[in-house]
Amino acid sequence: MSARQVTLAEVAKQAGVSLATASRVLNGSTRQVSEELSERVLRTAEELGYVPNASAQALARNSSSLVGLVVHDITDPYFSCIAAGVTRVAEAAGLSVVLGTTGRRPEREAELLSTLRAHRARAVVLAGSRTTDRAAQSRLATEIDAFTEQGGRVACVSQAKLGTDTVVPGNRAGGRALARALTELGHKKFAVLGGPSELVVARDRLAGFKAGLTDAGIAPPVVVNGAFTRDGGYEAAMELLASKSRATCVFAVTDVMAMGAMAALRERGVRIPEDMSIAGFDDIPTLRDTVPALSTVRLPLEEMGEIAAGLVLDGGGDEARTVRVAGEVVLRASTAHN
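Predicted model only: the values in this text are computed from it and were never measured. (Residues numbered from 1 in each chain as written. Predicted model: local features only at pLDDT ≥ 70, side-chain atom pairs only at ≥ 80, totals over all residues. Heavy atoms only, no water.)

This brings us to the overall build of the chain. Within the chain, the secondary structure is distributed over 12 helices and 12 strands. In terms of C-alpha radius of gyration, the chain reaches 25 Å, well past the compact-globule figure of 20 Å for 338 residues. Projected onto its principal axes, the C-alpha coordinates of the chain cover approximately 85 × 45 × 30 Å. Every one of the 338 residues in the chain was classed for burial, and the buried ones make up 49%. Counting contacts in the chain only where the partners sit at least 6 residues apart, residues at least 24 apart contribute 76% of the total. Each charge class in the chain can be summarised by its mean position, and for the 38 positive and 38 negative side chains these summaries are 4 Å apart. (Helix = DSSP H or I, 4+ residues; strand = E, 2+ residues; numbered from the N terminus. Rg over C-alpha atoms; globule rule 2.2 N^0.38 Å. Buried < 20%, exposed > 50% of the residue type's maximum accessible area, 1.4 Å probe, protein only. Contact = heavy atoms within 4.5 Å. Lys, Arg positive; Asp, Glu negative; His and termini not counted. Charge placed at Lys NZ, Arg CZ, Asp CG, Glu CD.)

Below, the structure is given as structure tokens:
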């Protein structure tokens, strides 16, 4: 049988103060209470074993100790790496992180942000690509305005399209640099596993890669779109093989898609890199031990999460800030000279 929970009213009565005074002391209201009364209430609460109500504290302070983190898919190591950075900074500040996942549905971002606003979260980090769904982006922008008007702060890890503090990965520049590096290996025929066409990150990485090929005087690649998942990469690679493409090098716009593509190539007896080279994007730490090791564009994912958390927790100003993070090409055993 559980012990009965002590109420705020009981603390107030035992301390000989009004309920309002006890609430101001224990729920952290900005209204001042004398030191003598404050000490009496705190001492009484400790003696009685009173546990403050988190919702009441949030109302009194107009904010809570919660930091929201909204990601598209927590099973994707791209987002779990970013989450690690956000959590590290939040916990160092004595705050707790609440995680929400959208299931890659654009409309869920606004819904989750609305829920976090109702719980008076202090700040929210939105990690994930913007989309071409203008209606969803408009609803999200409206919800961000409502959240900030309540006193909260929002930062994004994506493209700077929402008027908030944003950490912008070097997707286009990274794709361009990777294309140049692969052409220097002698490859002239390329294919791209391009990800969902409605995601801006997929479009940016593809556009950058095409620009890099143009720089080198190489014809545009064959493009096969697929989901931003391991299975999406597998299915896109199978479609590519069925098309009898003569590409000697495949660029998957995420490392996770590249893993699926490698599985498909092995299943069809295509040797990597002897028969076909493959490269990804992100440099996910947990995928670095694959055989052969995956060539990719390295993004400092945990650092990006740390920067985003720092932006929403440092107070900031009225102007939205943009922090651009460059990618670094890393060539490994999955790509070979052609």
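Next, the rest of the story.
Under the defined criterion, the tally for this structure stands at four aromatic pairs. Aromatic pair Phe209 and Phe251: ring centres 4.6 Å apart, planes at 25°, arrangement stacked. You can see Phe209 sitting in helix α9 (residues 200–215) and its partner Phe251 sitting in strand β8 (residues 249–252), a full 42 residues away along the chain. When its relative accessible area of 0% is taken as the criterion, Phe209 is described as buried. Between Phe251 and Phe281, the aromatic rings sit 6.5 Å apart at their centres with planes inclined by 45°, giving tilted as the arrangement. Of this pair, Phe251 sits in strand β8 while Phe281 sits in the loop between β9 (277–279) and β10 (296–298), and the two are 30 residues apart along the sequence. Here Phe251 and Phe281 have matching classes, each one buried. Clustering of aromatic rings is evident, with ring pairs tying together Phe190, Phe209, Phe251 and Phe281. (Phe/Tyr/Trp six-rings, centres within 6.5 Å; stacked < 30°, edge-to-face > 60°.)

Quick look at the state of the cysteines now. The full count for this structure, using the stated rule, is zero disulfides. With no disulfide partner, Cys81 has as its closest neighbouring cysteine sulfur the one in Cys156, 19 Å distant. On the basis of relative accessibility, which here comes to 10%, the residue Cys81 falls in the buried class. (Disulfide = S-S within 2.5 Å.)

The next subject is the pairing of strand β6 (residues 190–193). By the alternation rule, side chains of β6 split into Phe190 and Val192 and Ala191 and Leu193, which are all buried. Judged from the four bridges that link them, β6 and β8 form a sheet pairing that is parallel. Bridged to Ala191 within β8 is Val250. Relative to strand β7 (residues 222–224), β6 runs parallel, the two being bridged by three bridges. (Pairing = 2+ DSSP bridges.)

It is worth spelling out the side chain of Asp165 at this point. Among the structural elements, Asp165 can be located in strand β5 (residues 165–169). Within the local environment of Asp165, its side chain forms a polar contact with the backbone nitrogen of Arg321, the two atoms lying 2.7 Å apart. Aside from chain neighbours lying at most four places away, what touches Asp165 is Arg153, Val154, Ala155, Cys156, Leu311, Glu319, Ala320 and Arg321. (Polar contact = N/O pair within 3.5 Å; in protein donor to acceptor, adjacent residues only side chain to side chain.)

As enumerated under the stated definition, the model contains four cavities of 30 Å³ or more in all. There is about 150 Å³ of room inside the largest cavity. If you go around the largest cavity, you meet 18 residues; those closest to its centre are Tyr78, Phe79, Ser129, Val201 and Phe228. Listed by contribution, the elements that provide at least two residues to the lining of the largest cavity are α5 (77–92) and α9. Here the residues of the lining of the largest cavity are counted per class, giving seven nonpolar, seven polar and four charged. The residues that make up the lining of the largest cavity include at least three from each of domain 2 (63–168 + 302–325) and domain 3 (171–299). Counted as a void, the second largest cavity has a volume near 50 Å³. For the second largest cavity, the full set of lining residues is Asp255, Asp283, Ile284, Leu287, Arg288, Leu294, Thr296 and Arg332. The residue makeup of the lining of the second largest cavity, split by class, is three nonpolar, one polar and four charged. (1 Å grid on protein atoms, 1.4 Å probe; cavity = no way out; pocket = protein on both sides within 12 Å on 5 of 7 lines; lining within 4 Å. Points joined across faces, edges and corners; volume = space filled by probe spheres on them. Nonpolar A, V, L, I, M, F, W, Y, C, P; charged D, E, K, R; others polar. Domains from an automatic or database assignment.)

So, to be careful, I would describe these as geometric facts and stop short of saying anything about function.
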